[in-house]
Amino acid sequence: MSPGLRKPLVAGNWKMHGSTAEAARLVGELITRGVGKGAAEAVVCPSFVHLAQVRLQLEGSQVGLGAQDVCAEEPGAHTGEVSAGMLADIGCRYVIVGHSERRALYGESDGLVARKFLAAARHALVPILCVGESLEERERDATRAVVLRQLDAVLAAAGSGAFARAVVAYEPVWAIGTGRTATPAQAQEVHALIRGRISEKDAMIAASLRVLYGGSVKAANAAELFSMPDVDGGLIGGASLKADEFASICAAADG
Ligand code: PEP
């Protein structure tokens, strides 16, 4: 992290986990532990059905709220979808777009991810754009090409100016939920690539863009990853469901 230049961010992606009682217990513990009160920004991204209750519980705390996905369309006949306006209305500030699980399991293309990014931006939500290569892509040395292709699709649709109010998360697919983390050097290399691409368009925006690392981050490895100059925090899956782990990761981002 580069102190002073960018406020570190730690976002917890709860995925499709938890009951109303479990969500309430987790948020209660995060608040008790003072999560969000340090130098880093802390955000939780519960499932859609838990957003309203978590929003109420977070009132007065320093923990922000995000959603895990958004519909690319404006309100209308889209059964089962949730619009960006609805997310903004319910109190979300952030929304994850292009998570690798959405890309791989639900067939989301680079084009659709770009449209979701635009929908979020239209409603003043901050998109957390996920990019990252699969193991097969890394092994055939395609990491750079894949990450730039995913990033360029959004740059082409939204323009570099949109990244003034966006976050990028580098999440190597082979590190998500596997317990296998990218080394700090591997993360730094791709983070610098991402920042460099934005910098080709707008150096000021690139310098203030937060690039998070995601993929099996836990309390034990967070500080090392966050010590890299272009790693500005983390997108946390499994470890965000444990209050003590998430609090420790946030503390590591506090510096
Ligand atoms: C994620 O799904 O965004 C993620 C990083 O998961 P995990 O931390 O469990 O690898």
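Everything discussed here concerns the structure shown above.
Asker: Where do I start with the site of the ligand in this structure?
Answerer: Close to the ligand lie 14 residues; Lys 15, His 99, Glu 171, Gly 177 and Ser 216 are nearest. Measuring from an oxygen atom of the ligand, one finds a side-chain N or O atom of Glu 171 at 2.7 Å. In this structure, Ser 216 approaches the ligand through a main-chain N or O atom, which is 2.7 Å from an oxygen atom. For the ligand, whose free accessible area comes to 290 Å², the fraction covered by protein is 95%. Partitioning the shell around the ligand into residue classes produces four nonpolar, eight polar and two charged.

Asker: What exactly am I supposed to notice about helix α10 (residues 219-226) here?
Answerer: Along an α-helix, residues three or four positions apart point the same way, because every turn accommodates 3.6 residues. Along α10, the residues classified as buried are Asn 221, Ala 222, Leu 225 and Phe 226. For α10, the angular spread of the buried residues around the axis is 130°, confining them to a single face. Seen from the buried face of α10, the exposed residues on the opposite side, beyond 90 degrees, are Ala 220 and Glu 224. Looking at the buried residues of α10, the elements they touch are β1 (9-13), α8 (184-201), β7 (210-214), β8 (233-236) and α11 (243-254).

Asker: I tried to follow the pairing of strand β3 (residues 63-67) on my own but got confused; where do I start?
Answerer: Regular strands place side chains that alternate from one sheet face to the opposite one. Among the five residues that make up β3, four are buried, leaving the element largely enclosed by the rest of the structure. When strand β2 (residues 41-45) meets β3, the two strands line up parallel, connected through three bridges. Looking at β3, one finds that Ala 42 is bridged to Val 63. Once you follow β2 into helix α2 (residues 51-58) and on to β3, the crossover reads as right-handed. Here two bridges tie β3 to strand β4 (residues 94-97), and the two strands are oriented parallel to one another.

Asker: Help me understand the sheet that holds β2, please; the structure alone is not making it clear to me.
Answerer: Paired through their backbone hydrogen bonds, the strands of a sheet run either parallel or antiparallel. Ordered by their spatial adjacency, eight strands build a closed barrel running β1-β2-β3-β4-β5-β6-β7-β8, and the pairing between neighbours is parallel. Each adjacent strand pair in this sheet contributes to an overall mean axis angle of 25°, direction not counted. With four bridges joining them, β1 and β8 adopt parallel strand pairing. Bridge pairing in β8 links Gly 12 to Ile 236. Sitting on the sheet, α2 is in contact with β2 and β3, with an inclination near 170° to β3.

Asker: Looking at this model, I keep getting lost on the environment of Gly 85. Mind explaining?
Answerer: Structurally, the position occupied by Gly 85 is in helix α3 (residues 84-89). A residue is classified by how much of its surface remains accessible, and Gly 85, at 25% relative accessible area, is partly exposed. Taking the C-alpha atoms as reference, Gly 85 lies 8.8 Å from Leu 125; in sequence the two are 40 residues apart.

Asker: Please clarify how helix α7 (residues 143-158) should be interpreted in this entry.
Answerer: Its 16 residues give α7 an end-to-end C-alpha distance of 23 Å, which sits within 8% of 22 Å, the value for a rise of 1.5 Å per residue. For α7, the complete set of buried residues consists of Thr 143, Val 146, Val 147, Leu 148, Gln 150, Leu 151, Val 154 and Leu 155. At its buried positions, α7 is contacted by α4 (100-105), α5 (110-122), β5 (126-131), α6 (135-139), β6 (167-170) and α8. Downstream of α7 by one or two residues, Gly 159 has phi in the positive range, about 80°.

What counts as what
Residues numbered from 1 in each chain as written. Predicted model: local features only at pLDDT ≥ 70, side-chain atom pairs only at ≥ 80, totals over all residues. Heavy atoms only, no water. Near = heavy atom within 4 Å. Polar contact = N/O pair within 3.5 Å; in protein donor to acceptor, adjacent residues only side chain to side chain. Areas by Shrake-Rupley, 256 points an atom, 1.4 Å probe, with all protein chains shown as cover. Nonpolar A, V, L, I, M, F, W, Y, C, P; charged D, E, K, R; others polar. Buried < 20%, exposed > 50% of the residue type's maximum accessible area, 1.4 Å probe, protein only. Helix = DSSP H or I, 4+ residues; strand = E, 2+ residues; numbered from the N terminus. Arc of directions from axis to C-beta. Contact = heavy atoms within 4.5 Å. Pairing = 2+ DSSP bridges. Right-handed = clockwise from strand over helix to strand, strands pointing away. Axes fitted to C-alpha atoms, helices over the stretch in contact; angles between N-to-C directions. Expected span 1.5 Å × (residues − 1).

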